[in-house]
Amino acid sequence: MPAIRSQILEVVRDAYPETFEGLGSSKPLGESIFSGRTPHPNEVLNLFVQQKLTSALPMAYYMATRRGLNSLMGKHLPRDATLSPEVLQSAIAGLIALRELELNETHDLIFEPDGSRPCSISNCPSRTPTGPAALAAYHRVFDRVVGSSQSGTKILQVPEFYEDCGGELQCVGPGICGSCVGRWESGHAELRKKVWGMLPDVFGLKG
Ligand SMILES: [Zn+2]
């Protein structure tokens, strides 16, 4: 049944893209594409490893690791979601590497903007980057981008720097201007792309 096989592979390719461009689509990604009971991401990873679906493995590893250690090796996992020692080892090593990258690079992005050009918007706290107002705002932004990923990672997700304040969109760091946020957005977009390129390496998938 080659037609069915290629159709299934097409669906998998959409949800577990091989290229960075595939991530940008508004299509659902990961285990949410399966109809009926949504499988545990580890189950999907196990299946892809068994079936040698090499092209989908970086994304499948990412989907399994982004929920953190408990999801990778918790006591209450369904049987099919238990990872083999080899896969578990790769997943944990990858999670640690991604988490480190996420924390360090986001920190640098927000707390250490290119010092040579201070923000030109007169009332933006970033004009005094080490002042208390700027630091408080930076901390809130940093927490929003990486803090809520807890022990996992959401480094491939597009961060939300704005929140709805009574119908008006405002930066999650009080007072930070649009051009500073724009700089963070483009910096984080580059980070996502860089991290995507590193996934095979990070999860030990390069033979
Ligand atoms: Zn600014």
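Each remark here, short or long, concerns the structure printed above.
**Some thoughts on the coordination of the zinc ion**
Then step 1. Taken together, C119 (SG), C124 (SG), C177 (SG) and C180 (SG) make up the protein donors of the zinc ion, found 2.2 to 2.3 Å from the metal.
Then step 2. The coordination sphere of the zinc ion comprises four donor atoms, whose angles at the metal cover 98 to 116°; the geometry is tetrahedral.
Then step 3. The buried category is assigned to C124, whose relative accessible area is 3%.
Then step 4. For C180, a relative accessible area of 0% translates into the label buried.

**Quick look at the pairing of strand 1 (residues 162-165)**
Sheet faces and side chains relate simply in a regular strand, where the side chains alternate between the two faces.
Then step 1. Here four bridges tie strand 1 to strand 2 (residues 168-171), and the two strands are oriented antiparallel to one another. If you follow Y162 over to strand 2, its bridge partner there is C171.
Then step 2. Where strand 1 hands over to strand 2, the hairpin turn is made up of two residues, of which G166 adopts a positive phi near 55°.

**Remarks on unusual backbone geometry**
Then step 1. One non-glycine residue, K52, adopts positive backbone phi at about 55°.
Then step 2. Mapped onto the elements, K52 comes out in the loop between helix 3 (41-50) and helix 4 (57-65).
Then step 3. Residue K52 is classed as exposed on the basis of its relative accessible area of 67%.

**Regarding the pattern of salt bridges**
Two side chains bearing opposite charge may form a pair once their charged atoms approach each other closely.
Then step 1. Here the structure, examined in full by the defined rule, presents eight salt bridges.
Then step 2. A salt bridge links R37 to E43, with the nearest nitrogen and oxygen atoms 3.2 Å apart.
Then step 3. We classify R37 as exposed; its relative accessible area is 59%.
Then step 4. We classify E43 as buried; its relative accessible area is 14%.
Then step 5. One salt-bridge network, in which partners are shared between bridges, spans E10, R13 and E18.

Scoring rules and cut-offs
- Residues numbered from 1 in each chain as written.
- Predicted model: local features only at pLDDT ≥ 70, side-chain atom pairs only at ≥ 80, totals over all residues.
- Heavy atoms only, no water.
- Donors = N, O, S within 2.8 Å, 3.2 Å for Na, K, Ca; no water.
- Tetrahedral: all angles 85-135°; square planar, octahedral: opposite > 155°, others 65-115°.
- Buried < 20%, exposed > 50% of the residue type's maximum accessible area, 1.4 Å probe, protein only.
- Pairing = 2+ DSSP bridges.
- Helix = DSSP H or I, 4+ residues; strand = E, 2+ residues; numbered from the N terminus.
- Salt bridge = Lys/Arg side-chain N within 4 Å of Asp/Glu carboxyl O.

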